[in-house]
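Chain by chain, the residues:
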Amino acid sequence: MAGRFAGRPTRTTVRGGHVGVPASGSAGMPRQAATPARTRRWVPDGPLDLGLVLGPLRRGPADPTFRTTADGSVWRTCRTPAGPGTLRVRADGGEVLGAAWGPGAEWLLDQLPEWLGAADEPEAFVPRHRVVALSRHRRPGLRLTRTGLVLESLIPSVLEQKVTTEEAYRAWRLLVRGFGEPAPGPAGAGERPMFVMPTPRAWALIPSWEWHRAGVDDKRASTILRSVRVAARLEQATGMPAREAQARLEVVPGVGPWTSAEVVQRSHGAADAVTVGDLHLPGIVGWALAGDRDADDAAMLRLLEPYAGQRHRAARLILLSGQVPARRVPKMPRVDIGLL
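Now for a quick tour of the structure. (Residues numbered from 1 in each chain as written. Predicted model: local features only at pLDDT ≥ 70, side-chain atom pairs only at ≥ 80, totals over all residues. Heavy atoms only, no water.)

**Some points on the pattern of salt bridges**
One side chain can pair with another of opposite charge once the charged atoms of both are near each other.
Then comes step 1: What the rule picks out here adds up to 13 salt bridges.
Then comes step 2: One salt bridge in this structure joins Arg243 and Asp272, with 3.7 Å as the shortest N-O distance. Taken as a pair, Arg243 in helix α11 (residues 242-249) and Asp272 in the loop between α12 (257-267) and α13 (281-290) lie far apart in primary sequence, 29 residues in all.
Then comes step 3: Residue classification places Arg243 among the exposed positions, given a relative accessible area of 66%.
Then comes step 4: Residue Glu262 is joined to Arg266 by a salt bridge in which the shortest nitrogen-to-oxygen separation is 3.3 Å. Within this pair, Glu262 and its partner Arg266 are both found in helix α12, separated by four residues, close to a single helical turn.
Then comes step 5: Each of the salt bridges in this network shares a partner with another, and the network as a whole consists of Arg243, Asp272 and Arg311. (Salt bridge = Lys/Arg side-chain N within 4 Å of Asp/Glu carboxyl O. Helix = DSSP H or I, 4+ residues; strand = E, 2+ residues; numbered from the N terminus. Buried < 20%, exposed > 50% of the residue type's maximum accessible area, 1.4 Å probe, protein only.)

**Focus on the sheet that holds strand β4 (residues 83-92)**
Then comes step 1: One open sheet accounts for five strands, arranged β1-β5-β4-β3-β2; its pairing is antiparallel. Strand pairing shows two members of the sheet lacking a second neighbour, β1 (38-42) and β2 (66-68), which therefore form its edges. For this sheet, the mean inter-axis angle between neighbouring strands, taken without regard to orientation, is 20°.
Then comes step 2: As defined by bridge partners, strand β3 (residues 73-80) adjoins β4 across eight bridges and the pair is classed as antiparallel. Its bridge partner lying in β4, Arg79 is registered against Pro84.
Then comes step 3: This element, helix α3 (residues 105-115), spans β1, β3, β4 and β5 (95-101) of the sheet and lies at about 15° to β1. (Pairing = 2+ DSSP bridges. Axes fitted to C-alpha atoms, helices over the stretch in contact; angles between N-to-C directions. Contact = heavy atoms within 4.5 Å.)

**Here's the deal with the packing of aromatic side chains**
Then comes step 1: The final tally for this structure, using the stated rule, is four aromatic pairs.
Then comes step 2: Their ring planes at 10° and their centres at 5.4 Å tell us that Trp75 and Trp101 sit as a pair that is stacked. With Trp75 in strand β3 and Trp101 in strand β5, the pair connects residues that are 26 residues apart, well separated along the chain.
Then comes step 3: Owing to a relative accessible area of 2%, Trp75 belongs among the buried residues under this scheme.
Then comes step 4: By relative accessible area, which is 7% here, Trp101 ends up buried. (Phe/Tyr/Trp six-rings, centres within 6.5 Å; stacked < 30°, edge-to-face > 60°.)

**Focus on α12**
Then comes step 1: By the criterion of burial, α12 is predominantly enclosed, with ten of the eleven residues buried.
Then comes step 2: Considered for burial, the residues of α12 that qualify are Trp258, Thr259, Ser260, Ala261, Glu262, Val263, Val264, Gln265, Arg266 and Ser267.
Then comes step 3: The first or second residue beyond α12 is Gly269, which carries a positive phi of 60°.

**Notes on the packing of helix α5 (residues 151-159) against helix α9 (residues 218-229)**
Then comes step 1: Between α5 and α9, whose axes approach to 9 Å, the crossing angle comes to 165°. Relative to α9, α5 is oriented roughly antiparallel. Once α5 is placed against α9, the crossing between them reads as right-handed. Contacts between α5 and α9 involve Leu151, Leu154, Ile155, Val158 and Leu159 from the former and Arg220, Thr223, Ile224, Ser227 and Val228 from the latter. (Parallel < 35°, antiparallel > 145°, perpendicular 65-115°, else oblique. Left-handed = near helix turned anticlockwise from the far one by under 90°.)

**Looking at the pairing of β3**
Then comes step 1: Summarising burial for β3: eight of the eight residues are buried, a large majority.
Then comes step 2: Residues Ser73, Trp75, Thr77 and Arg79 of β3 are buried on one face, and the alternating residues Val74, Arg76, Cys78 and Thr80, pointing to the opposite face, are buried as well.
Then comes step 3: Inspection of the sheet shows β2 paired to β3 by three bridges, in the antiparallel sense. Within the sheet, the bridge partner assigned to Arg67 lies in β3 and is Trp75.
Then comes step 4: The hairpin turn running from β3 into β4, its antiparallel successor, is two residues long.

Have a look at this one:
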């Protein structure tokens, strides 16, 4: 039985992984001459890998808010403080080309450098283990994104609580497509349009049977409903230090340390917000650093002590290293409550 399930990635390994961005070509989204884009050019101060930096924002290969295209672009839709927007990012030599559509276009272009890790300090990281040093050497373009948005990371993180990857991604996909709105600009057209996630009010008005149909149990749905009722207060957490932001998020019943860490890793680019309470991460870190596949949270935190201040970055580099113990048995069955 050893290694029988090794080929199936867990949500944990996917979370640390790399989104493949095709090399630049000619194909991309359909054009819409009636909606010209606002644009911006930005020059990063070091290596930049778009797939590594923006990859944690993708919630599954069919995420309606995230897409890569054959011209080497990464597309992302957001509900910004100024309204819905679509952002397209493409590397061009040593520059990054950004284009945005919709009411949130200016906000997205203003935030573009931080989205691509301008506020991150990768040079502050000092590897203490060979596996971490090798992983960092192989991926010099890794930076931590800072989106400045809370709810767009909080809701999918709640959907991912204690379920399989497939269930969580399916729920996010169905709910965004069913209750969101078409993306501004060319991303909202064509055979596979992208969508902007629902407004807080739209989340609050989703009927109970639609949560059930998407496979979301009452506990996770209730946590999301409590969150959207205080959405404005939660979004204010982007102006706080990461630990204070986590404390504010955890005031919402149903939001614990696992969920709050997953949020601030994206919204704040929090380099030290290591995820505790994860089903797989302690064993992966324990295996990579000490050969202990049965490590728990306490053991993982002890192993990551040399990386204080940079523990999340260390964990991501470990996940990217491929040093993952083979799965012996499936850890969690898939249960589709929509069929009950």
